[in-house]
Amino acid sequence: MKRRCAKEAVSWAAGKGIIGLGGGQTIGYLAEYLKEAEFKGQIVTPSEQTKEVCERLGLCVTDTEEVSHVDIAFDGCDQVDRCLNAIKSGGGIHTKEKIIGKMADEYVLLVDESKVAEQIDFTFPIVLEIVPEAKGYVESKIQEIGGRTSMRSRTLMEVWFAELKELESLDRELKQMTGVVETSLFYHVAAKAIVAGEQGITVMEAERRNK
């Protein structure tokens, strides 16, 4: 299914000057298909692994800081709801991913149907990138809103919630905590999702309101 999803995305990149590629196996397959399609544009990526794959294939990789606009960006996720809000906690590079997503005219998620949920249910943690000195403070603020925390690294804090949360207010609360750089909750960032399932490819679309 990952290959099927990646192959569908190739046509979406046709004729684009600058595209963004995230991390993960599906994106790796997409890079291979872009090479087969003789993609001539530039690629920006937050993932060192994706960068290595693209360079090995002979695709043109440009540093993200050198661009201010991306025509279309593709990425995976851990879970996505019907409004295209997503959790992207696995890779720990969500701040860089979100920068590219915000620069893109369209931020497109590539997923198989098992990752689509009616609403984000917090099966996966929200990961916060934090300033290390803020660890104790942020932990206390998370406890105040009913969460528990564990540290993945000195700058990555996993936040778990036992109960469902209203995403708009949660997104705002987390970002307003002093010392939080970014979160792995992608609220109103994605414009579309290419979903691979047993019955083929479907496309989910949502109005993008948080560019």
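Just so it is clear, the structure is predicted and the values come from calculations on it, not from any experiment.

Quick notes on the rules
- Counting starts from 1 at the beginning of each chain's written sequence and moves along it residue by residue.
- Predicted model: local features are reported for residues with pLDDT of at least 70 only, side-chain atom pairs are reported and counted for 80 or more only, and whole-chain, interface and lining totals are derived from all residues.
- By convention in this description, side-chain values take in all heavy atoms of the structure and omit both hydrogens and water.
- Secondary structure is summarised from DSSP: a helix means a run of H or I of at least four residues, a strand means a run of E of at least two, and numbering begins at the N terminus for each.
- Radius of gyration here uses only the C-alpha atoms, and the compact-globule reference equals 2.2 Å multiplied by the residue count raised to the power 0.38.
- Only protein chains enter the calculation, and the probe is 1.4 Å; a residue is then buried if its accessible area is under 20% of its type maximum, exposed if over 50%, and partly exposed in between.
- In this description, contact between two residues means that some pair of their heavy atoms is separated by no more than 4.5 Å.
- Where accessible areas are quoted, they stem from the Shrake-Rupley method and a 1.4 Å probe; at the residue level, only the protein chains shown are allowed to cover.
- This count recognises Lys and Arg as positive and Asp and Glu as negative, with His and chain-terminal groups excluded.
- By convention, the point assigned to a charge is CZ for Arg, NZ for Lys, CD for Glu and CG for Asp.
- Residue ranges for the domains originate in an automatic or database domain assignment.
- Just to be clear on terms, a salt bridge is a Lys or Arg side-chain nitrogen sitting within 4 Å of an Asp or Glu carboxyl oxygen.
- Each polar contact in these results corresponds to two N or O atoms within 3.5 Å; when the atoms are within protein, one needs to be able to donate a hydrogen and the other to accept it, and residues that are neighboring in sequence are counted only if both atoms are side-chain atoms.
- In this classification, Asp, Glu, Lys and Arg are treated as charged, Ala, Val, Leu, Ile, Met, Phe, Trp, Tyr, Cys and Pro as nonpolar, and every other residue, Gly included, as polar.

Digging into the overall build of the chain
Right, so step 1: A tally of regular secondary structure across the chain gives six helices and 15 strands.
Right, so step 2: Its C-alpha atoms give the chain a radius of gyration of 17 Å, near enough to 17 Å, the size a compact globule of 211 residues would have.
Right, so step 3: Seen along its three principal axes, the alpha-carbon backbone of the chain occupies a region of about 50 × 40 × 25 Å.
Right, so step 4: A buried classification covers 53% of the 211 residues belonging to the chain.
Right, so step 5: Here the analysis covers contacts within the chain between residues at least 6 apart in sequence; of these, 71% occur between residues at least 24 apart.
Right, so step 6: As displayed, the chain has an accessible area near 10200 Å², and 45% of this comes from carbon and sulfur atoms.
Right, so step 7: The centroid of the 27 positive side-chain charges in the chain is displaced by 1 Å from the centroid of its 35 negative side-chain charges.

A look at the domain arrangement of the chain
Right, so step 1: In terms of domains, the chain is made up of domain 1 (1-116 + 186-199) and domain 2 (126-182).
Right, so step 2: Contacts between the two partners involve 11 residues from domain 1, matched on the other side by 12 residues from domain 2.
Right, so step 3: For the pair domain 1 and domain 2, the interface holds one salt bridge.
Right, so step 4: Across the pair K98 and E182 runs a salt bridge, and its minimum N-O distance is 2.9 Å.
Right, so step 5: Linking domain 1 with domain 2 are five residue pairs in polar contact (both at pLDDT 80 or more), by the criterion used here.
Right, so step 6: Per-element tally for the side of domain 1 that touches domain 2: the top contributor is helix α4 (residues 94-103), with three residues.
Right, so step 7: Residue composition of the side of domain 1 that touches domain 2, by class: two nonpolar, seven polar and two charged.

Description of unusual backbone geometry
Right, so step 1: Even without being a glycine, E38 presents a positive backbone phi close to 60°.
Right, so step 2: Among the secondary structure elements, E38 is positioned in the loop between α2 (25-36) and β2 (42-44).
Right, so step 3: A positive phi is found at L84, a non-glycine position, where the angle reads about 70°.
Right, so step 4: Within the secondary structure, L84 is located in the loop between β5 (79-81) and β6 (86-87).
Right, so step 5: A residue is classified by how much of its surface remains accessible, and L84, at 0% relative accessible area, is buried.

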